[in-house]
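# Remarks on the overall topology
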Amino acid sequence: MNTHKETKIIVWTVGILIAIILFWVGFTTGKYSEKVAAIEHPKVSASNTVVTEAQLAPFWKAWAILDQKFVTAGSTTAQDKIWGAIKGLAAAEGDPYTVFFPPAENTAFKEEISGNFEGVGMEIDSKNGVLTVVAPLKGSPAEKAGIHTGDIVSKINGTSTENMTTNAAIKLIRGPSGTTVTLTIIREGLTAPIEKTITRQIINIPTIETEKKDGVFIIRLFSFTAQSPELFRGALREFVLSDTNKLILDLRGNPGGYLDAAWDMASWFLPAGKIVVTEDFGGKQDPVFYRSKGYNIFNDNLRMAILVNGGSASAAEILAGALRENGIGQLVGTKTFGKGSVQELIPITENTSLKVTVARWLTPAGHNLSHDGLVPDFIVADPKLDASATSTTPASVKAANLKVDAQQDKAIEILKK
């Protein structure tokens, strides 16, 4: 599962965009629509956004050669070539999140962001050009099969993932409930790849759990869904009634979700007007500042720690960064994933769309989350992952480590000092 649900779904009037694309792909019969006919011919310019006939000539030459020379010429339609060309245009930006969706992929992506899907229940993303597990969802088939944060997915049903887009991988991994998919995993600490055959299920995204331990109230947040703000409010009510001022917010393995949910949650701890996150458009337009809504129900007696790891991404990083940089709590665990970009889904035709990275998320102090993620104030390894990742570790040690949560224990220690 690769939700990234902070994606901003914006419906645009796309007549002009479609007209430009139709002009570029060169329907030379002269039967343009009125909109296409009204578009001026591209002029020579120093700007790399203006295309000239000379620049397009190699494209049309390659098209003609494929039609004439390719061994199975004719098996691909002109429409297939056009979709492929737009895919290449998007890929040329060098951003794994800027992707063109032809009809079938467009339908699959819309199903994914709606939250209704069948699969194995894990967030995957491209990290340094490698297909990587951000986090398996709690209670999912992926978690039960032993998939870990940081695992590299090298093959899906025997097909190499080298140069495979995240969306193409999701398409292969997802499938009807009850069917299986085999993932070949490369894991740090193991000398050889391992295979995991996982039975797909209908995925119900878990949201929140609460617990009180050693005088500290713990809220575990597993995802940022549309329901998360209301559930978080209920968890905070439990905390207020728990007779403690010590709070741990556990964002480990949380791959993110809706920006609005993170924004709302941060507002319970911050005065009105304090910056939660900034949407930076790289100078193309003025930045957008998401400021606290000012619920701010806690006083200076609140003691808070936030648990994070390599599976904390996107909205989880936004919330953790906002709370730390506004002096609310310290981060404990390992460095976060580093996913801080904003995508818009723009219709190109009635049944295709282009997902475009239009901005970056910046923390209140201006840190670009996509560059480095967040480095905790207290770095503590996860012994559960360390033990299970090493094949030579004795079974008795693994079993003991599975009962240890060194990161949570460190957070409790900090809050009780």
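This paragraph deals with the nonpolar core. By size, the foremost hydrophobic cluster in this structure holds 42 residues, and its most contacted members are F224, L249, L251, F269, M304, I306 and L319. Of all the elements in the fold, those that place two or more residues in this core are strand 12 (216-221), helix 8 (228-240), strand 13 (246-250), helix 9 (259-266), strand 14 (275-280), strand 16 (303-308), helix 10 (315-325) and strand 19 (352-362). It is helix 10 that provides the largest number of residues to this core, a total of seven residues. The residues touching L319, leaving out its near neighbours within four places in the chain, are F224, L249, L251, A262, M265 and A266. Counting residues in hydrophobic clusters, the runner-up holds 17 residues, among them I170, V181, L183 and I185.

We now examine the sheet that holds strand 13. An order of 11-12-13-16-17-20 is seen for the six strands of this open sheet, with the pairing classed as mixed. Both outer strands of the open sheet, strand 11 (208-213) and strand 20 (378-379), are each paired with one neighbouring strand and no more. Of the pairings in the sheet, the one linking strand 11 to strand 12 comprises six bridges and is antiparallel in character. Among the inter-strand pairings, T210 is bridged to a residue of strand 12, identified as I219. Sheet strands touched by helix 10: strand 13, strand 16 and strand 17 (330-333). Its angle to strand 16, the strand with the most contacts, is close to 145 degrees.

With that settled, the discussion passes to the side chain of D264. Relative to the helices and strands, D264 resides in helix 9. Looking at D264, the relative accessible area reads 10%, which means it is buried.

Another point: a nonpolar patch on the surface. Nonpolar side chains collect at one region of the surface, where L66, F70 and V71 lie side by side and expose about 330 Å² of accessible area between them. When you line up the elements, V71 lands in the loop between helix 3 (53-69) and helix 4 (78-91). On the accessibility criterion, V71 (74% relative accessible area) is exposed.

Moving on, we get to the packing of aromatic side chains. All told, the structure shown has eleven aromatic pairs when counted by the stated rule. Considering the side-chain rings of W263 and Y290, the 5.0 Å spacing of their centres and the 85 degrees angle between planes classify their relative orientation as edge-to-face. Residue W263 is located in helix 9, and its partner Y290 is located in strand 15 (residues 288-291); the two are separated by 27 residues in the primary sequence. Here a set of aromatic residues connected by ring pairs shows up, and it is made of F217, F232, F239, F269 and F298. Positioned over the ring face of F337 is K127, at 4.6 Å from the centre of the ring.

Further remarks concern the environment of N128. The residue N128 is located in the loop between strand 4 (122-127) and strand 5 (130-136) in this model. The spacing of N128 and P96 is 32 residues in sequence and 9.9 Å in space, taken between C-alpha atoms.

Relative to strand 8 (residues 180-186), strand 6 (residues 152-156) is paired through four bridges, and the arrangement is antiparallel. By the bridge assignment, I156 is partnered in strand 8 with L183. Examined bridge by bridge, strand 6 and strand 7 (residues 159-160) share two bridges and lie antiparallel to one another. Considered in strand 7, the bridge of I156 is made with T159. Adjacent in sequence and paired antiparallel, strand 6 and strand 7 are bridged by two residues, among which N157 carries a positive phi angle near 50 degrees.

Calculation notes
- Just so you know, the residues in each chain are numbered from 1, in the order the chain's sequence is written.
- Where totals are concerned, whole chains, interfaces and linings use all residues; where local detail is concerned, this predicted model gives features only for residues with pLDDT of at least 70, and gives and counts side-chain atom pairs only at 80 or more.
- Only hydrogens and water are set aside; all other atoms, that is, all heavy atoms of the structure, feed into the side-chain values.
- Here, nonpolar core refers to any group of buried Ala, Val, Leu, Ile, Met, Phe, Trp, Tyr and Cys residues whose side-chain atoms link them within 4.5 Å.
- Using a 1.4 Å probe on the protein chains alone, a residue whose accessible area is under 20% of its type maximum counts as buried, one over 50% counts as exposed, and one in between counts as partly exposed.
- Only runs of H or I of at least four residues qualify as helices and only runs of E of at least two qualify as strands under DSSP, and these elements are numbered from the N terminus.
- By definition, residues are in contact when any of their heavy atoms lie within 4.5 Å.
- We treat two strands as partners when DSSP finds at least two bridges between them.
- Lines are fitted to the C-alpha atoms to define the axes, a helix being fitted only along its stretch in contact, and any angle between axes, read from their N-to-C directions, falls within 0 to 180 degrees.
- Residues enter a patch when their relative accessible area is above 30% and they make no salt bridge; the linking distance is 9 Å between like charges and 5 Å between nonpolar side chains (Val, Leu, Ile, Met, Phe, Trp, Tyr).
- Each accessible area is a Shrake-Rupley estimate made with a 1.4 Å probe; only the visible protein chains count as cover when residues are assessed.
- A pair is scored as a salt bridge if a Lys or Arg side-chain nitrogen falls within 4 Å of a carboxyl oxygen belonging to Asp or Glu.
- Aromatic rings from Phe, Tyr and Trp, taking only the six-membered ring of Trp, are treated as a pair when their centres fall within 6.5 Å; an angle between ring planes under 30 degrees marks them as stacked, one over 60 as edge-to-face, and anything in between as tilted.
- Definition used: whenever NZ (Lys) or CZ (Arg) falls within 6 Å of the ring centre and also within 35 degrees of the ring normal, the charge is taken to sit over that ring.

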